[in-house]
Amino acid sequence: GEKVVGVLGIEIGVEHQYNTYQSILRMLPGIVLLVSLLSTAVAMVAFRRISNPTYQDLYNTDQLTQLKNRNAFQTDLNNMDAEGIRAGVGMISIDLNDLKLVNDRFGHLVGDKALQSVAQSILSNLRQTDVLVRYGGDEFLLLVPHIRPGEHVIQRVREAAASARVEGYPELEL
């Protein structure tokens, strides 16, 4: 077979090994720092994606009516509690009693349009500080901060809801 022509031997002295070890020890904090910075950058990119306002809007907005949803309502209440401003805030529960009949008679698309119409009608009759929330199904909640005696908020809301109409369905009264 094969012939051995020669042997090459490399020896590294103890001093060289010690110097290499010391170099690695000196570089280690820099490596740890670099890895930390890199992982922080990745976390920041991921957080921006998660906390993207578009996603927050989807999470806190009822997609049918574009009102705040139950989650946003609960967050608002928690913030009011934390800030100590919940006292003096009126809350009105609004329920569209005959929405099931509308859905059964005209279909769910018309029922959806009825919900949208009622929401817009009520919104157009509120103060800027009032907050209308679609709590679920045919239920709405209205937060009325700084309510004053004699404002007749409930009457305004009732009249606004009753005046809502669905285009193409004049016989439909809400």
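Preceding this section is the structure that the text describes.
Below is a summary of the structure that appears in this document. (Residues numbered from 1 in each chain as written. Predicted model: local features only at pLDDT ≥ 70, side-chain atom pairs only at ≥ 80, totals over all residues. Heavy atoms only, no water.)

Quick notes on the overall build of the protein
- Along its length, the protein carries six helices and three strands.
- Seen in sequence order, the protein has helices and strands lined up from the N terminus as α-α-α-β-α-α-β-β-α.
- Scaling as 2.2 N^0.38, a compact globule of 174 residues should have a C-alpha radius of gyration of about 16 Å, whereas the protein reaches 33 Å, well beyond that.
- Overall, the protein is about 105 × 50 × 20 Å in size when its C-alpha atoms are taken along their principal axes. (Helix = DSSP H or I, 4+ residues; strand = E, 2+ residues; numbered from the N terminus. Rg over C-alpha atoms; globule rule 2.2 N^0.38 Å.)

A closer look at the pairing of strand 2 (residues 131-136)
- Inspection of the sheet shows strand 2 paired to strand 3 (residues 139-145) by five bridges, in the antiparallel sense. Bridge pairing in strand 3 links G136 to E139.
- The antiparallel pairing of strand 2 with strand 3 creates a hairpin that spans two residues between the two strands, and G137 there sits at a positive phi of about 55 degrees. (Pairing = 2+ DSSP bridges.)

A few points about the pattern of salt bridges
- Counted under the stated rule, the structure contains four salt bridges.
- Residues D62 and R134 are paired through a salt bridge, measuring 3.0 Å at the closest nitrogen-oxygen approach. On the criterion of sequence distance, the pair formed by D62 in the loop between helix 2 (53-60) and helix 3 (70-83) and R134 in strand 2 is long-range, its members being 72 residues apart. Each member of the pair, D62 as well as R134, is classed as buried.
- With a closest N to O distance of 2.8 Å, D130 and R127 form a salt bridge.
- Residue classification places D130 among the buried residues on the basis of a relative accessible area of 8%. (Salt bridge = Lys/Arg side-chain N within 4 Å of Asp/Glu carboxyl O. Buried < 20%, exposed > 50% of the residue type's maximum accessible area, 1.4 Å probe, protein only.)

Description of the side chain of S121
- Tracing the chain through its elements places S121 in helix 5 (residues 108-123).
- A residue is classified by how much of its surface remains accessible, and S121, at 12% relative accessible area, is buried.
- Once you skip the residues sitting within four places of it in the chain, S121 turns out to touch A160, A161, S163 and A164. (Contact = heavy atoms within 4.5 Å.)

Topic: helix 6 (residues 153-163)
- Listed in full, the buried residues belonging to helix 6 are V153, V157, A160 and A161. Buried residues of helix 6, viewed axially, fall in a sector of 95 degrees; they line one side.
- Looking at the buried residues of helix 6, the elements they touch are strand 1 (89-95), helix 5 and strand 3. (Arc of directions from axis to C-beta.)

A short note on the nonpolar core
- Grouped together as the largest cluster of nonpolar side chains are 24 residues, with contacts concentrated most on I94, I122, L132, F140, L142 and V157.
- Secondary structure elements with two or more residues in this core: strand 1, helix 4 (99-106), helix 5, strand 3 and helix 6.
- Sorting elements by how many residues they give to this core places helix 5 first, with six residues.
- Aside from chain neighbours lying at most four places away, what touches I122 is I94, L132, V157, A160 and A161.
- Among the nonpolar cores identified, the runner-up in size contains six residues, and L77, M80, L141 and L143 belong to it. (Core = buried A, V, L, I, M, F, W, Y, C linked by side-chain atoms within 4.5 Å.)

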